[in-house]
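So you can see what is in the structure, the chains are spelled out below.
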Amino acid sequence: MLCSFHMNIPSTSFLKPLNISKLTNSTFIPTLTKNPTVKCNSNSQSNPKQKPRATRKPNMDGQKPTSKYRRKSSYGTSRRSIIKKTFTQEQVTFNTPIPDDPVVGIIGGGMAGLLCALYLEKRGVRSTVFDTGVHGLGGRMGTRIIDPQPLVFDHAAQFFTVSDHRFAELVQGWLEKGLVRQWEGQVGELEAGGNFVSLPSSSPRYVGVNGMRPIADSILSQTSMVNVVRPSWISKLEPFNGMWYLSENGKPRGQFDAIVIAHNGKCANRLLSLSGLPLIASQMKRLELSSIWALLAAFEDPLPVLGSDGSPFEGAFVKGVDSISWMANNTKKLSGSSSNGPDCWTILSTSAFGKRNKVPQENIPTATAEKVKAGMLEGVEVALGLAKGSLQRPFYTRVQLWGAALPTNTPGIPFIFDPLGRAGICGDWLLGSSLESAALSGMALANHIADYFGSPGFDPAEFAAGLHQEFQPLNGHDIGQFPGMETEKKRVEAEEFQLIT
């Protein structure tokens, strides 16, 4: 899942101070006066929940919002839709000085959020990461372990490749620690009917030695200034006295000098709809996401999956089958040929199948789960060229819906940042749909925020990034982008075209 994306921003701007005057894309620097503005001053700012009184107004400077002076939020809680709220809310502007020891709140503990925290620490900035994960951090770097055997499944990100030297440095460190290794097994394209064609790769494929999730744990282990709160669903962002107050269903979760949104989908849209960050909210609303079902299936005996050389393949992009787009033998991928236990397969649906069968992922009806499982297992039969009903019955199955799986459009920039509201967005979707995209985005935003904190006296608008950037369609496999994974035919066609031109 890797992106090789061309954009108008010099590559050196990812992790160096952003010199706005040198950028050629004029849409990258917005005018921040198009929306009504709510100013947040340390001495004159009023509590956003404070009820106006005819008598003396209490001095709230430096205090947290309190229920005593609570009133309905001025950001439009009575409006009928999130979309309408997003485009009519006031712009918050912080005028208070940045403290000497600022703290950033990061909502989302996937690759982008964790690397944003790590690289903020490298610049001397503390942070707190809030993540919804019950089993662990990592977002789509998820690995599910089923005891007592155990059965191990990477149920989201399957592998990754590397094209950027900054990400390559990270991966080299993971290699040295034994966290990742090259995936040497056969990976290719599987046409309906069982025709498998191996995919040569100009870029090595990497997998987590014990699954993807330990990579996330390793990133966190490198930090000493990062606090983690999970599982946590931040439900409200509230500006007050030059800081952001975060809460979870009414429970305070701390106050921060800046915030980072490192997740997406309906939860992020709902959170931003009443935040006082209309420019960031409107950009997030432009994002379009696919839905993907994951079927985890364990089989006692090997499946008939012969590769090009007569040996079993370990991963395949499935073509010509409506219900599935990918299948991988996690047991062989993680343990190699030495494994003699049951085979654990991760099977991912097409985005079209995911869209047709989408339900609230927090509460999947049993009937839907059974329908999806049956449809995807039938898809495996079709892909392998087996007679209907002849696929061996798995002794373990589980389905999971990734309702906001992968982006289908992108602004093609490393991050978005609103300097007036001291808030930013990072994530793979800003550059593509890969682990590398997520990593570069988190690293770049961290560097940008640290530069912003360290530049008192500068016009905040000089640090605005991506607030009006246009989105473009994003191409790739249904499960992400993997540069260097083209077929030999495509490689030859590209070489012939270059010779002609």
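Parameters and conventions
Residues numbered from 1 in each chain as written. Predicted model: local features only at pLDDT ≥ 70, side-chain atom pairs only at ≥ 80, totals over all residues. Heavy atoms only, no water. Helix = DSSP H or I, 4+ residues; strand = E, 2+ residues; numbered from the N terminus. Buried < 20%, exposed > 50% of the residue type's maximum accessible area, 1.4 Å probe, protein only. Contact = heavy atoms within 4.5 Å. Areas by Shrake-Rupley, 256 points an atom, 1.4 Å probe, with all protein chains shown as cover. Phe/Tyr/Trp six-rings, centres within 6.5 Å; stacked < 30°, edge-to-face > 60°. Polar contact = N/O pair within 3.5 Å; in protein donor to acceptor, adjacent residues only side chain to side chain. Pairing = 2+ DSSP bridges. Axes fitted to C-alpha atoms, helices over the stretch in contact; angles between N-to-C directions.

A. Just the overall build of the protein chain, in detail. When you go through the protein chain residue by residue, the secondary structure sums to eleven helices and 24 strands. Classification of the 501 residues of the protein chain by burial places 56% in the buried group. Across the protein chain, contacts joining residues at least 24 apart in sequence account for 74% of those joining residues at least 6 apart. Working note: accessible area of the protein chain is about 21900 Å², and carbon and sulfur atoms make up 50% of it.

B. Just the packing of aromatic side chains, in detail. Tallying each qualifying case throughout the model produces 20 aromatic pairs. On the numbers, 5.6 Å between centres and 65° between planes, the contact of F159 with W183 is edge-to-face. Remark: W183 occurs in the loop between β7 (180-182) and β8 (187-191) and F159 occurs in the loop between β6 (151-154) and α3 (165-176); sequence separation between them is 24 residues. We classify W183 as buried; its relative accessible area is 3%. Here F417 and Y452 contribute two aromatic rings whose centre-to-centre distance is 5.3 Å and whose plane-to-plane angle is 65°, an arrangement assigned as edge-to-face. Highlighted residues: F417 in strand β22 (residues 416-418) and Y452 in helix α10 (residues 435-453), separated in sequence by 35 residues.

C. Structural view of the side chain of S291. By the secondary structure assignment, S291 is in the loop between α6 (278-286) and β16 (292-299). Take S291: its relative accessible area is 5%, and that puts it in the buried class. There is a polar contact of 2.8 Å between the side chain of S291 and the backbone oxygen of G403.

D. Representation of the sheet that holds strand β18 (residues 324-329) within the structure. The strand order across the open sheet built from seven strands is β9-β8-β17-β18-β19-β16-β20, with neighbouring strands paired in mixed fashion. Two strands lie at the open edges of the sheet, namely β9 (195-198) and β20 (396-402), each paired on one side alone. This sheet shows a mean twist of 20° between the axes of neighbouring strands, independent of strand direction. Pairing between β16 and β20: seven bridges, direction antiparallel. When the sheet's bridge partners are listed, I292 is paired in β20 with W402. Strands β8, β16, β17 (315-319), β18, β19 (343-349) and β20 of the sheet are contacted by helix α9 (residues 366-384), whose axis makes an angle of about 70° with β16.

E. Quick peek at the pairing of β6. Of the pairings in the sheet, the one linking strand β5 (residues 143-146) to β6 comprises four bridges and is antiparallel in character. Note on β6: the bridge partner recorded for I145 is V152. Connecting β5 to the next strand, β6, in antiparallel fashion are four residues.

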